[in-house]
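Examination of the molecular architecture
Chain by chain, the residues run as shown.
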Amino acid sequence: MKEKISSILNEALKAVAAASTLESLDAARVKYLGKKGDLTAILKGMGALTPDERKEVGLLANEARSKIEEEISSHHQQLTKILLEQKLLSESIDVTMPGKSFPTGKKHPLNQVLEEIKEIFLGMGFDMVEGPEVELDYYNFEALNIPKDHPARDTQDTFYISDNVVLRTQTSPVQIRTMEQRKPPIRIIAPGMVYRSDAVDATHSPVFHQIEGLVVDKNVTMSDLKGTLDDFAKRLYGEDTITRFRPHHFPFTEPSAEMDIQCFTCKGEGCRLCKGEGWIEILGCGMVHPKVLETCKIDPEEYSGFAFGLGLERIAMRRFNIDDMRLIYENDKRFLKQF
Ligand code: DAH
């Protein structure tokens with residue numbers, strides 16, 4: 001029996017040492033120490049022994065049991081440590097691996113410029129308003145001092161929906177709608193899409209964007225117009241921007257002008273960008289025509305105002321050095337990614 005015990009002990013210690021998982025370790029415990037285990041079987045068979053033998057065998061069996069239990073417990077500790085290390089290792093993050101990138105969209109260059117311009121005018125105390133793109137002839141032309149036989153109609157190749165309804169050729173009708181709805185002081189900008197029956201090329205599109213501006217109050221003068229628009233140009237293009245106002249003609253303003261900025265590439269010398277002019281046209285503007293004020297039931301004796309209109313595409317093209325307007329509308333990702 002003593003031999004049996006020592007061989008069970010040997011076998012058990014080997015099995016415990018060989019266990020590489022917690023499951024196989026537990027299986028070894030059950031096999032040798034469990035209720036139906038090998039060592040328990042020995043203890044159960046002790047009834048046939050003499051009291052002295054029983055004492056001796058019992059002692060040996062208990063020693064063997066403690067020995068096996070100790071081994072199991074220390075092996076258990078070791079195993080859990082190893083298993084934890086393996087788990088941590090398999091879950092560790094390799095910070096040198098390339099990450100997954102989630103490409104984000106960006107603002108369209110036209111919207112970037114629009115937002116910049118909006119910020120500038122909102123900062124000066126202007127409100128933003130909108131008007132319809134399908135517009136009455138009355139607002140697009142008539143009320144802006146462009147009657148049916150006026151030559152200015154020829155320069156704006158108009159899409160007619162019916163005799164009295166057009167796709168607006170300019171954002172200027174929003175001036176009229178605003179003056180009908182609000183009393184002075186008025187300070188608004190009105191960005192939006194406009195339509196002209198133009199053939200598509202590098203500088204023309206049948207759909208493009210304008211931003212209209214209108215200020216009406218008591219004692220508004222040409223000097224307010226110049227100060228405001230010069231300040232605008234400096235905020236958009238930089239503090240050292242030089243502007244000039246050239247006389248021009250628009251039916252709804254009197255006097256009318258176009259504002260140029262001095263070419264920032266050649267500083268007025270003349271280069272490819274400004275086509276040798278030294279100056280670049282930025283916008284049309286003028287003092288609101290008294291007839292237009294009257295049409296909107298604003299007394300031109302009491303109030304005066306100035307207005308301006310600028311083309312968004314042209315400003316964006318200049319800002320980002322885009323040489324073909326078609327690129328702006330094609331939404332080619334290779335183009336859009338650059339902004
Ligand atoms: N509506 C004009 C155009 O499309 C631009 C313009 C010029 C707007 C002078 C204005 C202005 O408000 O005062 O050509």
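Report on the accompanying structure. On a predicted model such as this, the values are computed, not experimentally measured, just so you know.

Before going further, it helps to spend a moment on the pairing of strand 5 (residues 207-217). The buried fraction of strand 5 amounts to nine of the eleven residues, a majority that puts the element mostly inside the structure. Examined bridge by bridge, strand 4 (residues 186-195) and strand 5 share ten bridges and lie antiparallel to one another. Residue Tyr195 lies in a different strand from strand 5, and its bridge partner there is Val207. As paired strands, strand 5 and strand 9 (residues 304-311) are joined by eight bridges and run antiparallel to one another. Residue pairing in the sheet places Val216 in a bridge with Gly305 of strand 9.

To continue, consider the packing of helix 5 (residues 109-123) against helix 11 (residues 312-320). At a closest axis distance of 9 Å, the pairing of helix 5 and helix 11 adopts a crossing angle of 105°. Of the possible angle classes, the one that applies to helix 5 and helix 11 is roughly perpendicular. Two secondary-structure elements touch here, helix 5 through Pro109, Leu110, Gln112, Val113, Leu114, Glu116 and Ile117 and helix 11 through Leu312, Glu313, Ile315, Ala316, Arg319 and Phe320.

Another point: the sheet that holds strand 7 (residues 253-262). Strand order across the open sheet formed by seven strands is 1-4-5-9-8-7-6, with mixed pairing between neighbours. The open sheet has two edge strands, strand 1 (127-128) and strand 6 (243-250), and neither has a second partner. Each of strand 4, strand 5, strand 8 (279-288) and strand 9 is contacted by helix 8 (residues 173-181), which is oriented at about 35° to strand 5, the strand it contacts most.

Our focus in this paragraph is the site of the ligand. For the ligand, the set of nearby residues contains 15 residues, the closest of which are Gln170, Ser172, Arg196, Gln210 and Glu212. Take Gln170: an N or O atom from its side chain is 2.7 Å from a nitrogen atom of the ligand. At 3.2 Å, a backbone N or O of Ala307 approaches an oxygen atom of the ligand. Within the complex, 90% of the 360 Å² of free accessible area of the ligand lies under protein. Breaking the shell around the ligand down by element, the ones donating at least two residues are strand 5, strand 8 and strand 9. Its residues placed into classes, the shell around the ligand shows five nonpolar, eight polar and two charged.

Looking now at the nonpolar core. Nonpolar side chains in soluble globular proteins tend to be buried together. Of all hydrophobic cores here, the largest spans 40 residues; its most connected members are Ile117, Phe121, Leu229, Phe232, Leu283, Phe308 and Ile315. Where this core is concerned, the elements lending two or more residues are helix 5, strand 5, helix 9 (222-237), strand 7, strand 8, strand 9 and helix 11. Leaving out residues up to four positions away in the same chain, Phe121 has contacts with Phe126, Ile189, Leu229, Phe232 and Phe308. Core analysis: the second largest hydrophobic core is formed by 23 residues, Leu214, Val216, Val288 and Ala307 among them.

Let us look at unusual backbone geometry. Cis peptide bonds are those with omega within 30 degrees of zero, and the linkage from Pro184 to Pro185 qualifies with 5°. Note on placement: Pro185 falls in the loop between helix 8 and strand 4. With an omega dihedral of -5°, the bond running from Glu254 to Pro255 counts as a cis peptide bond. Of note, Pro255 is situated in strand 7. Of note in this structure, Lys297 is not a glycine but carries a positive phi near 60°. With a phi close to 60°, Asn321 is a non-glycine residue in the positive phi region. Inspection of the secondary structure assignment puts Asn321 in the loop between helix 11 and helix 12 (326-330). Under the relative-accessibility criterion, Asn321 is labelled exposed at 64%.

Of all ten residues making up strand 7, eight are buried, and the element is well covered by its neighbours. The sheet contact formed by strand 6 and strand 7 spans seven bridges and is antiparallel. In the strand pairing of strand 7, Pro247 is matched with Ala257. Counting the residues in the hairpin turn of strand 6 and strand 7 gives two residues. Sheet topology note: the strand 7/strand 8 ladder contains eight bridges and is antiparallel.

Applying the stated rule across the entire model yields nine aromatic pairs. An aromatic cluster is built from Phe121, Phe126, Phe232, Phe306 and Phe308, whose rings are joined through pairwise contacts. Over the aromatic face of Tyr139 sits the side chain of Arg177, whose NZ or CZ is 4.1 Å from the ring centroid.

On to the pattern of salt bridges. By the definition in use, this model includes 21 salt bridges. A salt bridge links Asp127 to Arg182, with the shortest nitrogen-to-oxygen separation between them at 2.8 Å. Pair noted here: Asp127 is in strand 1 and Arg182 is in the loop between helix 8 and strand 4, with a separation of 55 residues, a long-range link. Residue classification places Asp127 among the partly exposed residues on the basis of a relative accessible area of 37%. A network of salt bridges, in which partner residues are shared, links Asp137, Glu142, Lys148 and Arg153.

The rules behind these values
Residues numbered from 1 in each chain as written. Predicted model: local features only at pLDDT ≥ 70, side-chain atom pairs only at ≥ 80, totals over all residues. Heavy atoms only, no water. Buried < 20%, exposed > 50% of the residue type's maximum accessible area, 1.4 Å probe, protein only. Helix = DSSP H or I, 4+ residues; strand = E, 2+ residues; numbered from the N terminus. Pairing = 2+ DSSP bridges. Axes fitted to C-alpha atoms, helices over the stretch in contact; angles between N-to-C directions. Parallel < 35°, antiparallel > 145°, perpendicular 65-115°, else oblique. Contact = heavy atoms within 4.5 Å. Near = heavy atom within 4 Å. Polar contact = N/O pair within 3.5 Å; in protein donor to acceptor, adjacent residues only side chain to side chain. Areas by Shrake-Rupley, 256 points an atom, 1.4 Å probe, with all protein chains shown as cover. Nonpolar A, V, L, I, M, F, W, Y, C, P; charged D, E, K, R; others polar. Core = buried A, V, L, I, M, F, W, Y, C linked by side-chain atoms within 4.5 Å. Phe/Tyr/Trp six-rings, centres within 6.5 Å; stacked < 30°, edge-to-face > 60°. Lys NZ or Arg CZ within 6 Å of the ring centre and 35° of its normal. Salt bridge = Lys/Arg side-chain N within 4 Å of Asp/Glu carboxyl O.

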